[in-house]
Amino acid sequence: MNNTWWDSDRMSHEETATMLGIKPGSLSSGISRGLYHFKRYKVGRNYWYRKSEVLASIEKNHAA
């Protein structure tokens, strides 16, 4: 059986905010204002993020 990103690389909205060191409300606000440039996936009522995309965005936007 092949693992997909859904099995291993996904993070919830709360987990993503915690990884970034902010509150979930601040993450929502930052995304709507364009401060964060990674894709979010809506499944039902919940948002999910790919950990690899979040890390890539951090590295790209904070490169020295």
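Reading the values: rules and limits
- Residues numbered from 1 in each chain as written.
- Predicted model: local features only at pLDDT ≥ 70, side-chain atom pairs only at ≥ 80, totals over all residues.
- Heavy atoms only, no water.
- Helix = DSSP H or I, 4+ residues; strand = E, 2+ residues; numbered from the N terminus.
- Contact = heavy atoms within 4.5 Å.
- Areas by Shrake-Rupley, 256 points an atom, 1.4 Å probe, with all protein chains shown as cover.
- Lys, Arg positive; Asp, Glu negative; His and termini not counted.
- Charge placed at Lys NZ, Arg CZ, Asp CG, Glu CD.
- Axes fitted to C-alpha atoms, helices over the stretch in contact; angles between N-to-C directions.
- Parallel < 35°, antiparallel > 145°, perpendicular 65-115°, else oblique.
- Left-handed = near helix turned anticlockwise from the far one by under 90°.
- Nonpolar A, V, L, I, M, F, W, Y, C, P; charged D, E, K, R; others polar.
- Buried < 20%, exposed > 50% of the residue type's maximum accessible area, 1.4 Å probe, protein only.
- Arc of directions from axis to C-beta.

(A) Just the overall build of the protein, in detail. If you tally the helices and strands in the protein, you get four helices and three strands. Its helices and strands taken in sequence order, the protein reads α-β-α-α-β-β-α from the N to the C terminus. Dimensions of the protein, computed from the C-alpha atoms along their principal axes, are close to 40 × 30 × 15 Å. Within the protein, contacts between residues separated by at least 24 positions form 45% of all contacts whose residues are at least 6 apart in sequence. For the protein, the exposed area adds up to about 4,800 Å²; of that, 49% sits on carbon and sulfur atoms. Once the 10 positive and 6 negative side-chain charges of the protein are each reduced to a mean point, those two points are 9 Å apart.

(B) Fine view of the packing of helix α2 (residues 13-20) against helix α4 (residues 51-61). Viewed as axis vectors pointing N to C, α2 and α4 meet at an angle of 30°, and their least axial separation amounts to 12 Å. By the angle between their axes, α2 is roughly parallel relative to α4. Crossing of α2 over α4 shows right-handed handedness. Across the interface between the two elements, Thr16, Met19 and Leu20 from α2 touch Lys51, Val54, Leu55 and Ile58 from α4. A breakdown of the residues in the contact of α2 with α4 according to their chemical character gives five nonpolar, one polar and one charged.

(C) Up close: helix α3 (residues 24-33). Looking at α3, one finds that the buried residues are Leu27, Gly30 and Ile31. Angularly, the buried residues of α3 cover 100° about the axis, an arc narrow enough to put them on a single face. α3 presents Ser32 and Arg33 as exposed residues on the side facing more than 90 degrees away from its buried surface. Buried residues in α3 make contact with α2, β2 (40-43) and β3 (46-50). Just downstream of α3 lies Gly34, where phi reads positive at about 85°.

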